[in-house]
Structures are given as C-alpha cells and as structure tokens.
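Listed below, chain by chain, are the residues.
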Amino acid sequence: LARELGPDGKDLAVWQRNGEVELWDSTALIRRRVVQLETNFLQGVSATESSGGVLQDVWAYAVAPGGGALAMGYNTGTIRVFETPPATASPPGEAGQSLPSATLRWTRSILDSPPQWPSEQPKPDEIGTRINKLAFSHDGRVLVSTSEDHTVRVWDAITGHQRFQFAGQPRW
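The rules behind the values
The written sequence of each chain sets the order in which its residues are numbered from 1. At least 70 in pLDDT is required for a residue's local features to be given in this predicted model, at least 80 for side-chain atom pairs to be given and counted, and no such filter applies to totals for whole chains, interfaces and linings, which use all residues. Computation of side-chain values: all heavy atoms of the structure, hydrogens and water removed. Planes of paired rings set the category: under 30 degrees apart is stacked, over 60 is edge-to-face and the rest tilted, where pairs are Phe, Tyr or Trp rings (Trp by its six-membered ring) whose centres lie within 6.5 Å. Strands here mean DSSP runs of E at least two residues long; helices mean DSSP runs of H or I at least four residues long; both are numbered from the N terminus. Relative accessibility decides the category of a residue: with a 1.4 Å probe and only protein chains considered, values under 20% of the type maximum give buried, values over 50% give exposed, and everything between is partly exposed. Whether a charge sits over a ring depends on NZ of Lys or CZ of Arg being within 6 Å of the ring centre and within 35 degrees of the ring normal. At least two DSSP bridges between two strands are needed for those strands to be called paired. The axes used here are C-alpha line fits, helices contributing only the stretch in contact, and every angle between their N-to-C directions lies in the interval 0 to 180 degrees.

**Student:** Got a sec to walk through the packing of aromatic side chains? Specific residues and values, please.
**Tutor:** Scanning the entire structure with this criterion turns up 3 aromatic pairs. Ring centres of W15 and Y61 lie 4.6 Å apart, and the angle between their planes is 50°; on these two criteria the pair is classed as tilted. One end of the pair, W15, is in strand β2 (residues 11-15); the other, Y61, is in strand β6 (residues 55-63), with 46 residues separating them in the sequence. Comparing W15 with Y61 shows no difference in burial state: the two are buried. R80 extends its terminal NZ or CZ atom over the ring of Y74, reaching a point 4.9 Å from the ring centre. If you follow R130 out to its NZ or CZ, it ends over the ring of W59, 3.7 Å from the centre.

Below is the structure:
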C-alpha cells in the first residue's frame, strides 16, 4: 500500500492493505516489529461526515524516529497520529502470535482551522482539503503537513495542537 522513511533515514514503515504496518531498520535490513491498525483507519467513512458519506482515502504517511509514532493524512483534510507499542523480545509476526495494536494518539482536521480565505472555506469532499504530505521532525515532537488548500501546518506531534499555519497563494 505505502512505505515511508523516517526523518533520519533509518526507520522505514510499510503499510499493508490489511492494516498491518511493518517497522524496519532500513540500514540493517531488519524488521523490528509489526503492528496492527484498524482497517477502517485505512479507508472508511469519516465519523464527522458519516451522514454525508464522505469516503476517506489515505494520501500521506509518515513515521517518527524509532517508529514510535505513525501519521496518516486523508483526502478529507483529516490527520491521525498513532502511538506504536514498543518492540518485544519475540520475533515479529511469529506464527500464532497476535499483533500488537497501534493506539490512536490524536485526530485533527484542517477544516477545524480558520480558513485562509473566509469566502472559500472548502467542503470535505471538495478539492483543496486533501493532505498531500506529512513529515516528523528529527526528535518526533513536531509534525508538518501540506495540503491542497496551499497551506503548510506545523503540529505538536504529541498533543495534536496546531502551532503555526503558513498560507500559500491560491495560484501556487
């Protein structure tokens, strides 16, 4: 489904369609652990938009240093950050072993932020809300998002609070 390198180039996360995320040490080519995400986080109807039936597709992925957190950005402007459980002593995905689950840390929507152009507040299913790219800082405490509404947002990766918003131009 998707793969993403962490900011240090050592951590690699590979998202599978069945909700599994493999966390690899890309320098040693060792799979450190596998965690499970609920498949409805990979694609599903947004809880806030369930009456409108807006389908959420994941467009952006990020992995924090050490694989301690995963982030996913959706076409509806939603960002979700997950806490991953620490690695265990047993080999990942050993036969008969159930996979540990990643825990949802926070969910935010760029639609909750004040619009750049008040007369042009996008609707969740219109172009302009999709999260195009996500990236964690080297210490994993900051998450940066870019979206089709021409903004770059800086988030506290631990709490989900938006720290800054840099507005782009409508014709960028």
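After that view, the rundown keeps rolling.
**Student:** Help me get a handle on the sheet that holds strand β3 (residues 20-25), residues and values and all.
**Tutor:** Sheets are built from strands paired through backbone hydrogen bonds, the pairs being either parallel or antiparallel. Read from one edge to the other, the open sheet built from 4 strands follows the order β1-β2-β3-β4, with strand pairing classed as antiparallel. Each edge of the sheet is formed by a strand with only one pairing partner; in this case those strands are β1 (2-5) and β4 (30-36). For this sheet the average axis-to-axis angle between neighbouring strands, irrespective of direction, equals 20°. Inspection of the sheet shows β1 paired to β2 by 4 bridges, in the antiparallel sense. Opposite L5, over in β2, you have L12 as the bridge partner.

**Student:** Run through unusual backbone geometry, naming residues and quoting values.
**Tutor:** Phi is positive for L29, close to 55°, though the residue is something other than glycine. Structurally, L29 is set in the loop between β3 and β4. A residue is classified by how much of its surface remains accessible, and L29, at 68% relative accessible area, is exposed. Residues other than glycine seldom take positive phi values, yet H150 does so here, at roughly 70°. Looking at where H150 falls in the secondary structure, it is placed in the loop between β11 (142-147) and β12 (151-156). Relative accessible area serves as the criterion here: at 24%, H150 is assigned to the partly exposed category.

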